[in-house]
Amino acid sequence: NALIKAADATQPWEGSRNMHLALPVIFRILYGCGLRVSEVCNLKFQDVNLDAGILTIHEPKNGCERYIPLSDSIKEACISYADHIWWEKDTEFFFMAPDRTRLSPMTIYQRYRRYLLDAGISHGGKGYGPRLHDLRHTFAVHVLQKWITEGADLTAMMPILSTYMGHNGIR
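Residues numbered from 1 in each chain as written. Predicted model: local features only at pLDDT ≥ 70, side-chain atom pairs only at ≥ 80, totals over all residues. Heavy atoms only, no water.

Peer 1: Any chance you could explain the nonpolar core here in plain terms?
Peer 2: One broad trend across soluble globular proteins is that nonpolar side chains are buried collectively. Counting residues in each nonpolar core, the largest one holds 46 residues, and the members touching the most others are Ile26, Phe27, Ile29, Leu55, Phe94, Phe95 and Ile108. Counting residues per element, the ones that place at least two in this core are α1 (2–8), α2 (19–33), α3 (37–41), β2 (54–57), α4 (72–84), α5 (105–119), α6 (134–150) and α7 (154–164). Considering every element that reaches this core, the biggest residue donor is α2, with 9 residues. In this structure Ile26 touches Val40, Phe95, Leu103 and Ile108, once residues within four positions along its chain are discounted. (Core = buried A, V, L, I, M, F, W, Y, C linked by side-chain atoms within 4.5 Å. Buried < 20%, exposed > 50% of the residue type's maximum accessible area, 1.4 Å probe, protein only. Helix = DSSP H or I, 4+ residues; strand = E, 2+ residues; numbered from the N terminus. Contact = heavy atoms within 4.5 Å.)

Below is the structure:
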């Protein structure tokens, strides 16, 4: 919660006209959908179906193209973001850098480190985390915790989570 609040507090700054709008949505997608940072940065407008609330992930790490449903709150955040940005929506990346190219994962990582500090979450340094990729792991753990609470058969559910996250297998 503190990390999302820190992202929500992002102020506009010259040269990055829409970043204060994009970053809160990006961090919601990273945590709430369990995507890799590269998958978020590679999203194009045609990959984001705001009517159905579905992201299409093309050419991911393991080559497993997939569809990601959005929660109502993330869908609303994406719609609000799309309503407020200024570039062409037919041919561009959904989250674009100021030079109208793909947003760099390094930009997201640098902001993550700043948000950790703002949220009062200590960072142990390189190799000690928390890492940006840990948002993806947290998503997976929270899904598993929910299934355990609901009494779901984890043996049956693990392949579903694995496929959703773009893994080649449950290992």
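Further notes follow.
Peer 1: Even after reading the chapter, I still don't get the packing of aromatic side chains, so can you show me in this structure?
Peer 2: Two descriptors summarise a pair of aromatic rings, namely the distance from one centre to the other and the angle between the planes of the rings. Per the stated rule, a full pass over the model turns up 7 aromatic pairs. Pairing Phe27 with Tyr112 gives two aromatic rings, centres 6.3 Å apart and planes at 10 degrees, and the pair type is stacked. Of this pair, Phe27 sits in helix α2 while Tyr112 sits in helix α5, placing them 85 residues apart in sequence. With respect to class, Phe27 is no different from Tyr112; both count as buried. Pairwise contacts between aromatic rings join Phe45, Tyr81, Phe94 and Phe95 into one cluster. (Phe/Tyr/Trp six-rings, centres within 6.5 Å; stacked < 30°, edge-to-face > 60°.)

Peer 1: Would you take a moment to explain the environment of Asn49 for this structure?
Peer 2: Along the chain, Asn49 turns up in strand β1 (residues 48–49). Judged by relative accessible area, Asn49 falls into the partly exposed class, the value being 35%. Once the C-alpha coordinates of Asn49 and Ser162 are considered, the two residues, 113 residues apart in sequence, prove to be 23 Å apart. Polar contacts involving the side chain of Asn49 include one to the main-chain amide nitrogen of Ala52, which spans 2.8 Å. (Polar contact = N/O pair within 3.5 Å; in protein donor to acceptor, adjacent residues only side chain to side chain.)

Peer 1: It is not clear to me how the side chain of Glu39 should be interpreted in this structure. Could you clarify?
Peer 2: With respect to the secondary-structure elements, Glu39 resides in helix α3. Look at Glu39 and you get buried, because its relative accessible area is 4%. Other than its neighbours up to four places away in sequence, Glu39 contacts Ile57, Pro60, Arg66 and Arg136.

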